[in-house]
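One letter stands for each residue in the lines below.
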Amino acid sequence: MPIPGTPSRAELIDHLVTTRIAGDVATPRENNLSHYRKLANGDRNFWLGLELGDRWTDEQDVLAVMAERVGVDDDAEYRHGQDTIDPELTVDALDRMAARLRKAAEGRQRVLFATGHPGGLLDVHRATAAALRAAGCDIVVIPDGLQTDEGYVMQFADVAVLEHGATLWHTHSGEPMRAILTGLEREGAAAPDLVVADHGWAGFAAQQGVDAVGYADCNDPALFLAESEGTLQVAVPLDDHVLSPRHYDPMTAYLLSEAGLA
């Protein structure tokens, strides 16, 4: 159900709900609460490259942030069934991301793109990178030969990804971003002025003090906690792997238009 051209805010909200990028999303309530609990219990697989210390050890505090910034149900007694992402909050966050992209374009900054969700978000990042390059930004080329315990850190269409067994890999880890930032430093290359990413790629960069913006699902609370603390600049709430990656195209068009990059 493509939307020709750039959607208005109202058209985008309708599209997000129709495609379940927001609204009644596929991620069930019990999965959300399980992830909030694991983060609060110190499971670093859910910290997404961040160092949360002992600041988020109460899962009810995590739920409160997710209700405020994502729009999940704030009732702690609601344990099973449908959960939601508020599409208004999604578009509000896209507007904040657009402002940071505009700043990058105006300053012709050095920008790194990365995704741990290539099946859903690779082309969102690719299109954003292409628009920033056209505006005069320096899109970071990562060093060759990088790897982590999970696989090889590679770059396709200007977007860093994890490759394993000749397949682009879904990962929450911050280690691929660690490998990139360490590799750039080893080569004497400048660090990025901005990282546009998701999952641990965004979290680890933000933890190292790099300006970072990213996308996150309602079962991945760490980036929203980081945004609430000011570590991450923007976290956009959305379902990060819907039926077709083409469903994200209107969202990308809106983002680039609001950033002055269309």
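Residues numbered from 1 in each chain as written. Predicted model: local features only at pLDDT ≥ 70, side-chain atom pairs only at ≥ 80, totals over all residues. Heavy atoms only, no water.

Per an unreviewed UniProt entry, the protein goes by the name Phosphatase and belongs to Streptomyces brasiliensis.

Draft legend 1. Spatial organisation of the pairing of strand S9 (residues 194–198). Along S9, 5 of the 5 residues are buried, which leaves the element largely enclosed by surrounding structure. Side chains Leu 194, Val 196 and Asp 198 project from S9 onto one buried face, and the interleaved Val 195 and Ala 197 project onto a second face that is buried too. The pairing of strand S3 (residues 110–114) with S9 spans 3 bridges and is classified as parallel. The partner of Val 111 across the bridge, within S9, is Leu 194. In the sheet, S9 pairs with strand S10 (residues 212–216) via 4 bridges, with the strands oriented parallel. Its bridge partner being in S10, Val 196 is matched across the sheet by Val 213. (Buried < 20%, exposed > 50% of the residue type's maximum accessible area, 1.4 Å probe, protein only. Helix = DSSP H or I, 4+ residues; strand = E, 2+ residues; numbered from the N terminus. Pairing = 2+ DSSP bridges.)

Draft legend 2. Region of interest: the packing of helix H4 (residues 87–106) against helix H9 (residues 249–258). One way to put it is that H4 packs onto H9 with a least axis distance of 8 Å and a crossing angle of 45°. If you check the angle between H4 and H9, you find them oblique. H4 and H9 meet at a crossing whose hand is right-handed. Where H4 approaches H9, its residues Val 91, Leu 94, Asp 95, Met 97, Ala 98, Leu 101 and Arg 102 are matched on the opposing element by Met 251, Tyr 254, Leu 255 and Glu 258. Split by residue class, the contact of H4 with H9 holds 8 nonpolar, no polar and 3 charged. (Axes fitted to C-alpha atoms, helices over the stretch in contact; angles between N-to-C directions. Parallel < 35°, antiparallel > 145°, perpendicular 65-115°, else oblique. Left-handed = near helix turned anticlockwise from the far one by under 90°. Contact = heavy atoms within 4.5 Å. Nonpolar A, V, L, I, M, F, W, Y, C, P; charged D, E, K, R; others polar.)

Draft legend 3. Layout of helix H1 (residues 9–19). Among all positions in H1, only Leu 12, Ile 13, His 15, Leu 16 and Thr 19 are buried. Seen along its axis, H1 keeps its buried residues to an arc of 165°; they face one direction. Opposite its buried face, H1 presents the exposed residues Ala 10 and Asp 14, each directed more than 90 degrees away. Directly beyond the C-terminal end of H1, a positive phi value near 65° is found at Arg 20. (Arc of directions from axis to C-beta.)

Draft legend 4. Up close: unusual backbone geometry. Backbone geometry places Leu 48, a non-glycine residue, at a positive phi of 55°. Among the residues examined, Leu 48 registers a relative accessible area of 2% and is labelled buried. Phi is positive for Asp 158, close to 70°, though the residue is something other than glycine. Mapped onto the secondary structure, Asp 158 falls in the loop between strand S6 (152–156) and strand S7 (159–164). Among the residues examined, Asp 158 registers a relative accessible area of 23% and is labelled partly exposed.

Draft legend 5. Structural context of a nonpolar patch on the surface. A contiguous nonpolar surface patch, about 340 Å² in accessible area, is contributed by Tyr 152, Met 154, Phe 156 and Leu 168. Ranked by residue count, the leading element in the nonpolar patch is S6, at 3 residues. Counting through the fold element by element, Tyr 152 comes out in strand S6. (Patch = residues over 30% accessible without salt bridge, like charges linked within 9 Å, V, L, I, M, F, W, Y side chains within 5 Å. Areas by Shrake-Rupley, 256 points an atom, 1.4 Å probe, with all protein chains shown as cover. Salt bridge = Lys/Arg side-chain N within 4 Å of Asp/Glu carboxyl O.)

Draft legend 6. Fine view of the pairing of S10. For S10, a buried count of 5 out of 5 residues is recorded, marking the element as mostly surrounded by other parts of the structure. One crossover worth recording links S9 to the parallel S10 by way of helix H7 (residues 199–207), and it is right-handed. In this structure, S10 lies alongside strand S11 (residues 234–237), joined through 4 bridges in parallel fashion. By the bridge assignment, Val 213 is partnered in S11 with Val 234. Regarding topology, helix H8 (residues 222–229) serves as the crossover connection from S10 to the parallel S11, and that connection is right-handed. (Right-handed = clockwise from strand over helix to strand, strands pointing away.)

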